[in-house]
Amino acid sequence: MLKIIQCLGQSEHTADDQLVLPFELRQKGRFKAVSEQGVELGVFLERGQVLAEGDKLQAEDGRILVVIAQDEQVVTAHAEDWPSFARACYHLGNRHVTLQLGECWLRFQPDHVLEHLAEHLGLRLDKGDAPFHPESGAYHGSHSHSHSHSHSHEPSEQHGH
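Here goes a summary of the coordinates provided. All residue numbers refer to position in the chain's written sequence, counted from 1. Local features in this predicted model are restricted to residues of pLDDT 70 or higher, and side-chain atom pairs are both shown and tallied only at a pLDDT of 80 or more, whereas totals for entire chains, interfaces and linings draw on every residue. The basis for the side-chain values is all heavy atoms of the structure; hydrogens and waters are excluded.

1. Describing the overall build of the protein
Part 1: Scanning the protein for helices and strands turns up three helices and ten strands.
Part 2: Here a helix means four or more residues in a row that DSSP labels H or I, a strand means two or more in a row labelled E, and each is numbered from the N terminus. Helices and strands appear in the protein in the N-to-C order β-β-α-β-β-β-β-β-α-β-β-α-β.
Part 3: For every residue, the accessible area obtained with a 1.4 Å probe (protein chains only) is divided by the maximum for its type, and the residue is called buried under 20%, exposed over 50%, and partly exposed between those limits. The buried share of the protein, taken over its 161 residues, is 43%.
Part 4: Note on contacts: a residue pair is in contact if any heavy atoms of the two residues lie within 4.5 Å. Considering only contacts in the protein between residues 6 or more positions apart, those separated by 24 or more positions represent 69%.

2. Re helix H2 (residues 82-93)
Part 1: The end-to-end C-alpha distance of H2, which contains twelve residues, comes to 16 Å, matching closely the 16 Å that a straight helix rising 1.5 Å per residue would cover.
Part 2: Here H2 has its buried residues at Ser-84, Phe-85, Ala-88, Cys-89 and Leu-92. Take H2 and look down its axis: the buried residues cluster within an arc of 135°, on one side only. Opposite the buried face of H2, by more than 90 degrees, sit the exposed residues Pro-83 and Tyr-90.
Part 3: Those residues of H2 hidden inside the fold are in contact with strand E8 (100-101), strand E9 (105-108) and helix H3 (112-120). The span you would expect from a helix comes to 1.5 Å times its residue count less one. Think of the arc as the fan of directions from the helix axis to the C-beta atoms.

3. Some remarks on the packing of aromatic side chains
Part 1: Only Phe, Tyr and Trp rings are paired, with Trp represented by its six-membered ring, and only when their centres lie within 6.5 Å; those with planes under 30 degrees apart are stacked, over 60 edge-to-face, the remainder tilted. The final tally for this structure, using the stated rule, is two aromatic pairs.
Part 2: With centroids separated by 5.3 Å and ring planes inclined at 85°, the aromatic side chains of Phe-23 and Phe-132 adopt a geometry described as edge-to-face. Here Phe-23 is found in helix H1 (residues 23-26), whereas its partner Phe-132 is found in the segment after strand E10 (124-130), with 109 residues between them in sequence.
Part 3: For Phe-23, a relative accessible area of 5% translates into the label buried.
Part 4: Each ring, one from Trp-82 and one from Phe-85, has its centre 5.4 Å from the other, and the planes form 90°; the classification is edge-to-face.

4. A word on the nonpolar core
What tends to happen in soluble globular proteins is that the nonpolar side chains get buried as a cluster.
Part 1: Note on terminology: a nonpolar core comprises buried Ala, Val, Leu, Ile, Met, Phe, Trp, Tyr and Cys residues joined through side-chain atoms within 4.5 Å. The biggest cluster of nonpolar side chains holds 17 residues, and the ones touching the most others in it are Ala-77, Phe-85, Leu-92, Leu-106, Phe-108, Ala-118 and Leu-123.
Part 2: Broken down by secondary-structure element, the contributors of at least two residues to this core are strand E7 (72-78), H2, E9 and H3.
Part 3: Here this core gets four residues from one element, more than from any other, and that element is H2.
Part 4: Once residues within four sequence positions are removed from consideration, Phe-108 is found in contact with Val-74, Val-75, Ala-77, Leu-92, Thr-98, Leu-99, Leu-114, Glu-115, Ala-118 and Phe-132.
Part 5: With 15 residues, the next largest nonpolar core counts Phe-31, Val-43, Leu-65 and Val-67 among its residues.

5. Points about H3
Because an α-helix packs 3.6 residues into every turn, residues spaced three or four apart end up facing the same way.
Part 1: Looking only at H3, the buried set comprises Leu-114, Glu-115, Leu-117 and Ala-118. Seen along its axis, H3 keeps its buried residues to an arc of 165°; they face one direction. More than 90 degrees from the buried face of H3, the exposed residues found are His-112, His-116 and His-120.
Part 2: Contacts from the buried residues of H3 go to E7, H2, E9 and E10.
Part 3: By the criterion applied in these results, polar contacts are pairs of N or O atoms within 3.5 Å in which, for protein atoms, one can donate a hydrogen and the other can accept it, and in which residues neighboring in sequence qualify only through two side-chain atoms. Between a side-chain oxygen at the N-terminus of H3 and the backbone nitrogen of Val-113 the separation is 2.9 Å; the capping residue is Asp-111.
Part 4: Following H3 by one or two positions, Gly-122 has its phi on the positive side, about 90°.

6. Concerning the sheet that holds E10
Part 1: Reading across the sheet, the four strands line up as E8-E9-E7-E10 and stay open at both edges, with antiparallel pairing between neighbours. Looking along the sheet, the strands with just one partner apiece sit at the ends: E8 and E10.
Part 2: As judged from the two bridges shared by E8 and E9, these two strands associate in the antiparallel manner. Residue pairing for E9: Leu-101 is matched across the bridge by Leu-106. Should DSSP find at least two bridges between two strands, the strands are regarded as paired.

Here is the structure:
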């Protein structure tokens, strides 16, 4: 089993392989996985960091793997205007759940209570599969690398939105 020992962040290193992971695993420091080329991996990273799409990981033998956010079941809630969006962010945020934010839309993992609340707040819900890139949180101080996201997280038509 190949050991992954370091996160290089959004480095310019050329990747030798890909590691497609759901959000649940991207927030863990220790786990087993299989790369896209079929290599069995043991991931041993600093606890507390969340792997983002495009992060590069270095194996003990020098190989570089790029992290790809796996499509997973999510709910994307669309607000008609900015005040409705702000109200939804406030109320859902008070529940301390992980949210991905976009232009008058927010995304969360399926949860019937959150879905009911979002509908009650007047949001239109789309359920489907998409990568989940939640906000890291205001107090998430152990995130040791920076991200420069130039790609859009706008819900796409290919995911049924």
